[in-house]
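Listed below, chain by chain, are the residues.
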Amino acid sequence: MEKKVSRIGVLTSGGDSPGMNAAIRAVVRTGIYNDLEVYGIMRGFQGLLENDIYKMESRSVANIIQRGGTILKTARCKDFFKPEGRKKAYDVLVKRGINGLVVIGGDGSFRGAVDFSNEYNIPVIGIAGTIDKDIYGTDFTIGFDTAVNTAVEAIDKIRDTADAHDRLFIIEVMGREAGFIALHSGIATGAENILVPERKTNLEDIINSLQEKERRKKLVNIIVVAEGDENGGATNIAALIKERLPLIEARVCILGHIQRGGAPSCLDRLIASRMGYHAVECLVEGRYNVFVGIQHNKMNYVPLEKVSKKRGTISEEWMKIVKILAS
Ligand code: ADP
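Everything quoted here is computed from the prediction, not taken from an experiment.

Conventions used here
- Every chain is numbered independently, its residues counted from 1 as its sequence is written.
- pLDDT decides what is reported in this predicted model: residues at 70 or higher carry local features, side-chain atom pairs at 80 or more are listed and counted, and totals for whole chains, interfaces and linings draw on all residues regardless.
- Hydrogen atoms and water are omitted, and side-chain values are computed over all heavy atoms in the structure.
- Should a side-chain nitrogen of Lys or Arg be within 4 Å of a carboxyl oxygen of Asp or Glu, the pair is scored as a salt bridge.
- Relative accessibility under 20% of the residue-type maximum defines a buried residue, over 50% an exposed one, and the middle range a partly exposed one, all with a 1.4 Å probe and only protein chains included.
- Grid spacing is 1 Å over the protein atoms alone, the probe is 1.4 Å, and a cavity is where that probe fits but cannot get out, while a pocket is an open set with protein on both sides within 12 Å along at least five of seven lines and lining residues have an atom within 4 Å of a point.
- Grid points are joined across faces, edges and corners, and a volume is the space filled by probe spheres set on the points.
- Helix and strand definitions follow DSSP, with helices as H or I runs of at least four residues and strands as E runs of at least two, each counted in order from the N terminus.
- Note on residue classes: Ala, Val, Leu, Ile, Met, Phe, Trp, Tyr, Cys and Pro are nonpolar, Asp, Glu, Lys and Arg are charged, and everything else, Gly too, is polar.

Q: Would you explain the pattern of salt bridges in this entry?
A: Going through the model one piece at a time under the given rule, you end up with 20 salt bridges. The partner of Glu57 in a salt bridge is Lys55, and the shortest N-O contact between them spans 3.3 Å. Owing to a relative accessible area of 37%, Lys55 belongs among the partly exposed residues under this scheme. Salt bridges linked by common partners bring Arg43, Glu50 and Asp52 together as one network.

What follows is the structure, encoded as structure tokens:
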């Protein structure tokens, strides 16, 4: 690993997130600025082991900073879980002379990257591209801000109709096993209840609060549920509430994939540009196998292995704020 990095590959892996293009752009242009050759690897690890790789120039990333999705495409690659798959990927890298990798993805992609770099001594840098925000060692992940803003816009609209009809709406947002999108969008829209997988849902509390609000003639209620909640999402929560309060008018809305798409917010473009720049700087300076996070507005370089094993956590402070403000 002492050999200097001269030709780097960049890929996007796992779930896509708005702002990945801005990160690719930053990696490509910072690489070229540092006299590196930069190669785009299509469809994540899948494209790597299929040698679906092309050389990128500064112009290859023109006019993409504002676009959602990823020009390199993304995929989930079963073969990369197996040592034979990773061997194939390594052979491709050797053949193409690529001696450094930037992986833009979530914790799954980082686990793959760690296995790969341990086995083959390939320097890898991780950038968090995920709307779920469940990554250890960073205050931001690329795409989270855009996804939350999309959810907020949608929930605001739903509240208008909920208000017109005096109705309960149970809205499901994304986040896989993490509740950050639910928490942030719920607080920002004044949701009456926010259910996240990181905390056990107390159905009794929800029923009591709905009954109490009915007494106070507060009939509009928005419950935001993370898709990974232990009760299985909005449809199940609605059924559980209906069982206890059969007369209640409850509507379910599952926001779904609109949260992944769309133009990245300014914040996501900024953090993607900053992380992409620092990822390449790490490779140039020989700071290998780290994750480039941002904490307290400073770069935070954490061993990729550590990031792949831990998760970001929801603070008690936020949970307390939710409880007080939603009364
Ligand atoms: P994300 O990166 O968004 O969390 P996934 O968990 O689907 O998405 O992971 C993306 C890809 O990373 C997988 O399809 C697989 O190719 C690779 N990967 C994930 N976990 C591992 C692992 N433990 N070992 C090897 N490769 C992995």
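Q: Sorry if this is basic, but what is going on with the layout of surface pockets here?
A: It is the rolling of a water-molecule-sized probe over the atoms that shows where space remains empty. Taken as a whole, the largest pocket encloses approximately 540 Å³ of empty space. If you go around the largest pocket, you meet 22 residues; those closest to its centre are Asn193, Ile194, Asp205, Val322 and Lys323. At the level of elements, strand 7 (193–195), helix 7 (203–215) and helix 11 (316–325) are the ones that each hand at least two residues to the lining of the largest pocket. Each residue belonging to the lining of the largest pocket can be placed in one class, and the counts come to seven nonpolar, five polar and 10 charged. Its volume calculated, the second largest pocket comes out at about 430 Å³. Lining the second largest pocket are 25 residues; nearest its centre among them are Gly14, Arg76, Phe81, Gly108 and Ser109. Residues that form the lining of the second largest pocket fall into these classes: six nonpolar, nine polar and 10 charged.

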